[in-house]
Amino acid sequence: MNRMIHLTVNGRKKSMAIDIRSSLLEVLRDQMGLTSIKQGCGVGECGACTILVDDVLIDSCIYLAVWADGKSIRTVEGESRHNTLSAVQQAYVDEGAVQCGFCTPGLVMATTAFVEKNKGHAVTREAIRKAHAGNTCRCTGYQSVITVTEKCLQTDGEPNQ
Ligand code: FES
Ligand code: FES
């Protein structure tokens with residue numbers, strides 16, 4: 001059975017007919033072509049499909065697309081503006097926090113959510129680790145992700161909005 005849903009995806013309004021059984025990952029990746037969203041485990045364990053829905057981190061593989069009706073979605077494709085990477089994206093590049101890159105879009109969104117929530121507050125490395133605990137990196141590049149997060153929390157510039 002199909003149903004119309006209305007989303008705001010990376011700032012753009014979009015209405016589309018979807019199969020009510022579809023996950024948000026399937027709709028965004030397969031119907032909308034947002035290929036930053038990766039399917040790893042498909043069961044909410046690895047974080048490769050992490051995006052923001054109304055600024056809350058979710059695993060889009062286990063989130064039905066109908067639940068997103070009327071909501072605002074952010075994926076890594078929408079984080080850069082006018083060919084300029086967001087502060088978090090740029091920090092990932094500068095720190096070399098990318099290896100194979102499969103986990104990177106999800107990690108960037110996890111870092112972005114954490115930095116936006118905690119900027120200006122003192123946070124521990126343990127809190128940063130916990131904030132990224134839902135994102136598995138098969139290349140084990142966690143140390144640089146923690147460094148990126150610390151640097152983004154310290155810089156004056158807000159993530160690119
Ligand atoms: S693919 Fe969604 S959490 Fe692994
Ligand atoms: S960079 Fe390879 S899985 Fe994380």
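A. Up close: the nonpolar core. Membership of the largest hydrophobic core comes to 21 residues, with the highest contact counts inside it found for Leu-24, Leu-28, Ile-51 and Ile-73. Sorting the residues of this core by element identifies β1 (2–9), β2 (12–19), α1 (24–31) and β3 (50–53) as the ones contributing at least two each. Broken down by element, the residue count for this core peaks at four residues, all from α1. For Ile-73, the contacting residues outside a window of four places in its chain are Leu-7, Thr-8, Val-9, Asn-10, Leu-24, Leu-28, Ile-51, Leu-52, Val-53 and Ala-68. Judged by nonpolar contacts, the second largest core, of 20 residues, contains Leu-52, Leu-107, Val-108 and Cys-152.

B. A look at the environment of Cys-49. Within the fold, Cys-49 resides in the loop between α1 and β3. Separated by 54 residues in sequence, Cys-49 and Cys-103 place their C-alpha atoms 8.4 Å apart.

C. View of the pairing of β3. Along β3, one buried face is formed by Thr-50 and Leu-52 and the opposite face, lined by Ile-51 and Val-53, is buried too. With four bridges joining them, β3 and strand β4 (residues 56–59) adopt antiparallel strand pairing. Counted as the bridge partner of Thr-50 is Asp-59 from β4. Between the end of β3 and the start of β4, which pair antiparallel, lie two residues, with Asp-54 showing a positive phi angle near 50 degrees. Sheet topology note: the β3/strand β5 (residues 72–74) ladder contains two bridges and is antiparallel. Within β5, the position partnered with Val-53 by the bridge is Ile-73.

D. Up close: the domain arrangement of the chain. Considered domain by domain, the chain is made up of domain 1 (2–77) and domain 2 (87–154). Its C-alpha centre places domain 1 at a distance of 21 Å from the equivalent point of domain 2. Together domain 1 and domain 2 conceal approximately 1,200 Å² of surface at their shared face, both sides included; 59% is due to carbon and sulfur atoms. Counting every contact that joins domain 1 to domain 2 gives one salt bridge. Linking Glu-116 and Arg-74 is a salt bridge whose minimum nitrogen-to-oxygen distance equals 2.8 Å. Residue composition of the side of domain 1 that touches domain 2, grouped by class: five nonpolar, six polar and three charged.

About the thresholds
- Residues numbered from 1 in each chain as written.
- Chains lettered and ligands numbered in written order.
- Predicted model: local features only at pLDDT ≥ 70, side-chain atom pairs only at ≥ 80, totals over all residues.
- Heavy atoms only, no water.
- Core = buried A, V, L, I, M, F, W, Y, C linked by side-chain atoms within 4.5 Å.
- Buried < 20%, exposed > 50% of the residue type's maximum accessible area, 1.4 Å probe, protein only.
- Helix = DSSP H or I, 4+ residues; strand = E, 2+ residues; numbered from the N terminus.
- Contact = heavy atoms within 4.5 Å.
- Pairing = 2+ DSSP bridges.
- Domains from an automatic or database assignment.
- Buried area = accessible area lost by both parts, 1.4 Å probe.
- Salt bridge = Lys/Arg side-chain N within 4 Å of Asp/Glu carboxyl O.
- Nonpolar A, V, L, I, M, F, W, Y, C, P; charged D, E, K, R; others polar.

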